[in-house]
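# Breakdown of the fold
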Amino acid sequence: MHELKVLGHLNLDTSCEFSFNYQGLSFSQSSFQLFPGLCAVDNQQNVVSVFSELQKLKIQCARMGAYKPRTSPYSFQGLREQCLSYVFEQAGKHDIRIIAMEVMHERHIDAIYKHLQLSGFATGVMLQVGTRNTQNYELLKAIGAQNNFPVLFKRGFGISLNESLQAAEYIAAAGNDNIIFCLRGIKPSLDHQHRNFVDFSQVPIVKRLVKIPVGIDPSHAVGNLVKSSDGITDLFHSCAQGIISGANLALVDIHPTPNKALVDSEQALNFKQLETLLLDIEITRKAYLSRLENQGV
Ligand code: PEP
Ligand code: MN
């Protein structure tokens, strides 16, 4: 077993559980929150449709991609600042308290703050650091230097777990401990069944190394909706594997009409599939809590 080098701010303190509150919701290694939503915002109508569905399901957290990091410069880059005002306004109208939104540059944080302010702080935002920016240290320092927003930090796809954890420490060292460390798979070299090699078996490892909550992104890890012989999609199986091991957050791509999504259409769930996932998560989360009870925890 490889021991992790000293981290600093993010070190696990077994004498007391770390937690933070944001927008009336609590995040810790005991909590669980689901963040379903659009990988990329494409139009206002779809934003309203997603928020209405989440409100119906009593879900108060969502993901919304405005700034999209794309492999090709010719692919859709996201609606960027253009969509922020209606995303925040509609979130407020539909009782959505937190939106996870990726930022790739310090000025994106300023744009988000400006539009939130214009909306009268109708909702909250969790700044997402994408896997391509895990080691963008200047961005991490800028995110760490502000305390308006908590952070959803994705692990790097081609670096060690230790390197990703040290990168997360940059944010904490700069002044912001309100971080969720999110597993999203690593670059596959031996197995191409999934978009990434699913790393959710590392949920318990990260939880014993650092104090912060640990999330999973089964959509970007698996990257498709292919079913196994039992009729359950690999995406649902992977999500369950993370949750039964104690994951504290799940980020899931959904879309009103997945085949029309401009980004990652092959992995987006439709609303009916989201309802099935919700029940599946309820079953798995309960199973995790029963497993704790069985250990006398
Ligand atoms: C995303 O969540 O939209 C995303 C781009 O994820 P990742 O950075 O993990 O690829
Ligand atoms: Mn995506």
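Refer to the preceding data block for the structure.
Notes on the structure in this doc start here. (Residues numbered from 1 in each chain as written. Chains lettered and ligands numbered in written order. Predicted model: local features only at pLDDT ≥ 70, side-chain atom pairs only at ≥ 80, totals over all residues. Heavy atoms only, no water.)

## Remarks on the coordination of the manganese ion (ligand 2)
Looking at the metal site, the manganese ion (ligand 2) is ligated by Cys39 (SG), His220 (NE2) and Asp264 (OD), spaced 2.0 to 2.2 Å from it. Read in sequence order, the donor residues for the manganese ion (ligand 2) give the motif C-x180-H-x43-D. Remark: Asp264 occurs in the loop between strand E10 (249-253) and helix H9 (271-294) and His220 occurs in helix H7 (residues 218-222); sequence separation between them is 44 residues. The same class applies to His220 as to Asp264, namely buried. (Donors = N, O, S within 2.8 Å, 3.2 Å for Na, K, Ca; no water. Helix = DSSP H or I, 4+ residues; strand = E, 2+ residues; numbered from the N terminus. Buried < 20%, exposed > 50% of the residue type's maximum accessible area, 1.4 Å probe, protein only.)

## Remarks on the site of ligand 1
Inspection of the region around ligand 1 gives Arg63, Lys68, Glu102, Gln128, Gly130, Thr131, Arg132, Lys154, Arg184, Asp217 and His220 as its neighbouring residues. Gln128 is positioned with one of its side-chain polar atoms (N or O) 2.9 Å from an oxygen atom of ligand 1. Notes on ligand 1: free accessible area 290 Å², of which the protein chains cover 97%. Broken down by class, the residue content of the shell around ligand 1 amounts to no nonpolar, four polar and seven charged. (Near = heavy atom within 4 Å. Polar contact = N/O pair within 3.5 Å; in protein donor to acceptor, adjacent residues only side chain to side chain. Areas by Shrake-Rupley, 256 points an atom, 1.4 Å probe, with all protein chains shown as cover. Nonpolar A, V, L, I, M, F, W, Y, C, P; charged D, E, K, R; others polar.)

## So, the side chain of Thr233
With respect to the secondary-structure elements, Thr233 resides in the loop between H7 and helix H8 (234-243). Judged by its relative accessible area of 9%, Thr233 falls in the buried class. Discounting residues that sit within four places of it in the chain, Thr233 has contacts with Leu225, Val226 and Lys227. (Contact = heavy atoms within 4.5 Å.)

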